[in-house]
Amino acid sequence: DFNFSVNLIDAVYLGVTLTTYDVNRNVESTYTEWFDGGNYTLKNDYRTVGSGYDFKFGAIIRPIEESSFRIGVSATTPTVYNLRDYNSAEINSTVTFENADGDMWQESFEMATDSENAYDAICYTDYTMIAPAKMNVSLGGTIGTSWALGVEYEYTDYGTAVLFYDNGGENEAMNNHTRDNFKSQQTIRLGVEKMFAGSFYTRFGYNYQNSGYKKDAWKMIPINSVQTNTAYRNINSTNNF
């Protein structure tokens, strides 16, 4: 983070932050099915590397000089990521066969993306992702000398995320899928703090966040994707105390 801030007559505080991101994510998975006469196992090694950046702008305003009441507002620009996905996959299968005479035998099959009869390499794709902007509003203050209260609201629309190919063209299939499966996410935070005698404090906080997924959201793997891992999860609304 690279920050700059200024204080205007102890009533308005302004700040801007440039945030840079270093992305390094690795997922390994193994999926197996057993069925009458055989089985198969699909292994995936999926990795994302890259970098990104965004800007954050914020202000804290104290409208009443004699009061601790404050209003906070902030905005985060869409985050721009330049990424590369690596994927390698291997599938193994054993199947039992039976001919008309009742003779039975097993055959095994194996295919890997880095083998000579496949791609002979780990597959990868380069792309740009623009993640959604974020807005935040908060109110806070103190009552007397022993109570502090705060409330905060945050808004993000994940349906506005956009993907671009490495040549700059828009990935229309994935972007349409994003709009069809993601929605806005709203977060509400409430907090209260009580100071007792001496330096003893008690704090209570509550955080509610609705799901950013539509109820029937699913993972689409385009025919030109380097992925073969079908796993995904939809996170429901959450309550934290």
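In case you missed it, the structure is sitting above this.
None of the values given here were measured: they were computed from a predicted structure. (Residues numbered from 1 in each chain as written. Predicted model: local features only at pLDDT ≥ 70, side-chain atom pairs only at ≥ 80, totals over all residues. Heavy atoms only, no water.)

A. Focus on the pattern of salt bridges. Counted by the stated rule, this structure contains five salt bridges. As a salt-bridge pair, Arg-189 and Glu-154 come within 3.6 Å of each other at their nearest N and O atoms. On the criterion of sequence distance, the pair formed by Arg-189 in strand β11 (residues 184–195) and Glu-154 in strand β9 (residues 147–157) is long-range, its members being 35 residues apart. The partly exposed category is assigned to Arg-189, whose relative accessible area is 27%. The salt bridge partner of Glu-193 is Arg-203, with a shortest N-O separation of 2.5 Å. Taken together, the positions of Glu-193 in strand β11 and Arg-203 in strand β12 (residues 201–209) put the pair 10 residues apart, joining distant regions of the chain. Accessibility expressed as a relative area gives 65% for Arg-203, which makes it exposed. (Salt bridge = Lys/Arg side-chain N within 4 Å of Asp/Glu carboxyl O. Helix = DSSP H or I, 4+ residues; strand = E, 2+ residues; numbered from the N terminus. Buried < 20%, exposed > 50% of the residue type's maximum accessible area, 1.4 Å probe, protein only.)

B. Local environment of the nonpolar core. Membership of the largest hydrophobic core is limited to six residues, which are Tyr-81, Leu-83, Tyr-127, Ala-131, Leu-163 and Met-174. Leaving out residues up to four positions away in the same chain, Met-174 has contacts with Leu-163, Met-220 and Pro-222. (Core = buried A, V, L, I, M, F, W, Y, C linked by side-chain atoms within 4.5 Å. Contact = heavy atoms within 4.5 Å.)

C. The arrangement of the packing of aromatic side chains in detail. Under the definition given, this model contains eight aromatic pairs. Directly above the aromatic system of Phe-196 lies the positively charged group of Lys-194, at a separation of 5.5 Å from the ring centroid. (Phe/Tyr/Trp six-rings, centres within 6.5 Å; stacked < 30°, edge-to-face > 60°. Lys NZ or Arg CZ within 6 Å of the ring centre and 35° of its normal.)

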